[in-house]
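Inside the fold
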Amino acid sequence: GITTSDALIRGGLSTCDVNDPNCPILSGQTNDYDIIFSSLCLEAACLTVELFGKTIERLVRLLKPGGLLLLLMVRNESFYYVNQDKFFCLPINESIIEQAFDKTNELIDIHIDRTDTKIDDQKRNTTSDFDGLMVNAHSNESSE
């Protein structure tokens, strides 16, 4: 089998700016990727719910038939700190994610798994205000 490091060496890592309508990666060739993975990025990068939805549409368009879109996101986070610097985060939840995926009309087998943070952990957390984690795994239509 192919290991994760093999996949990274063969396919590489791609960076993009979701706020740029002409982003080369997001404007790339349709059906180009087997897997697209994003971890704790879209909610920090997208400035609006509308932009989040548009970014999901653009990512789905890049998937090959039967491809996988795998997202790890924090739920309902509006800010986070790195050292003393405070950063914006778009508060998203399961409903916003489902609406974004429904609009693509291309995804099947949508799974949203979540883990809620404990109230005591939320009270102690001074670097962020998220209340849970979400893992979203989505496959688009297979060509078979």
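Considerations on the overall build of the protein chain
- Each helix and strand in the protein chain was counted, giving five helices and six strands.
- Here the protein chain displays about 9000 Å² of accessible surface, and carbon together with sulfur accounts for 52% of that area.

Focus: the environment of Asp 131
- Structurally, the position occupied by Asp 131 is in the loop between α5 (119-124) and β6 (132-140).
- Sequence spacing of Asp 131 and Glu 77 is 54 residues, and the spatial spacing of their C-alpha atoms is 7.1 Å.
- Here the side chain of Asp 131 touches Arg 75 through a polar contact of 2.8 Å, side chain to side chain.
- Polar contacts involving the side chain of Asp 131 include one to the side chain of Asn 76, which spans 3.0 Å.

Quick notes on the packing of aromatic side chains
- What the rule picks out here adds up to two aromatic pairs.
- Ring geometry for Phe 79 versus Tyr 81: centroids 5.9 Å apart, planes at 80 degrees, classification edge-to-face.
- Positioned over the ring face of Phe 79 is Lys 86, at 4.7 Å from the centre of the ring.

Considerations on the confidence of the model for the protein chain
- On average, residues of the protein chain score 82 in pLDDT, and 82% of them reach the 70 mark or higher.
- Looking over the protein chain, one finds the lowest element-wise mean pLDDT in α5, namely 63, and the highest in helix α2 (residues 42-45), namely 93.

Quick word on the nonpolar core
- In this structure, Leu 42, Phe 52, Ile 56 and Leu 69 are the most contacted members of the largest nonpolar core, which totals 23 residues.
- Listed by contribution, the elements that provide at least two residues to this core are α3 (49-62), β2 (63-75) and α4 (94-104).
- In contact with Leu 42, not counting residues within four places along its chain, are Val 18, Phe 52, Thr 55, Ile 56, Leu 59 and Leu 71.

What to know about the side chain of Thr 104
- With respect to the element layout, Thr 104 can be found in helix α4.
- Within the structure, Thr 104 has its side chain in polar contact with the backbone oxygen of Phe 101 (distance 2.7 Å).
- For Thr 104, the contacting residues outside a window of four places in its chain are Ile 56, Glu 57 and Val 60.

Concerning unusual backbone geometry
- Backbone geometry places Leu 40, a non-glycine residue, at a positive phi of 55 degrees.
- In this model, Asn 76 sits at a positive phi of 55 degrees, which is unusual for a non-glycine residue.
- As for its placement among the helices and strands, Asn 76 is situated in the loop between β2 and β3 (79-82).
- Accessibility expressed as a relative area gives 30% for Asn 76, which makes it partly exposed.

What counts as what
Residues numbered from 1 in each chain as written. Predicted model: local features only at pLDDT ≥ 70, side-chain atom pairs only at ≥ 80, totals over all residues. Heavy atoms only, no water. Helix = DSSP H or I, 4+ residues; strand = E, 2+ residues; numbered from the N terminus. Areas by Shrake-Rupley, 256 points an atom, 1.4 Å probe, with all protein chains shown as cover. Polar contact = N/O pair within 3.5 Å; in protein donor to acceptor, adjacent residues only side chain to side chain. Phe/Tyr/Trp six-rings, centres within 6.5 Å; stacked < 30°, edge-to-face > 60°. Lys NZ or Arg CZ within 6 Å of the ring centre and 35° of its normal. pLDDT = per-residue confidence, 0-100. Core = buried A, V, L, I, M, F, W, Y, C linked by side-chain atoms within 4.5 Å. Buried < 20%, exposed > 50% of the residue type's maximum accessible area, 1.4 Å probe, protein only. Contact = heavy atoms within 4.5 Å.

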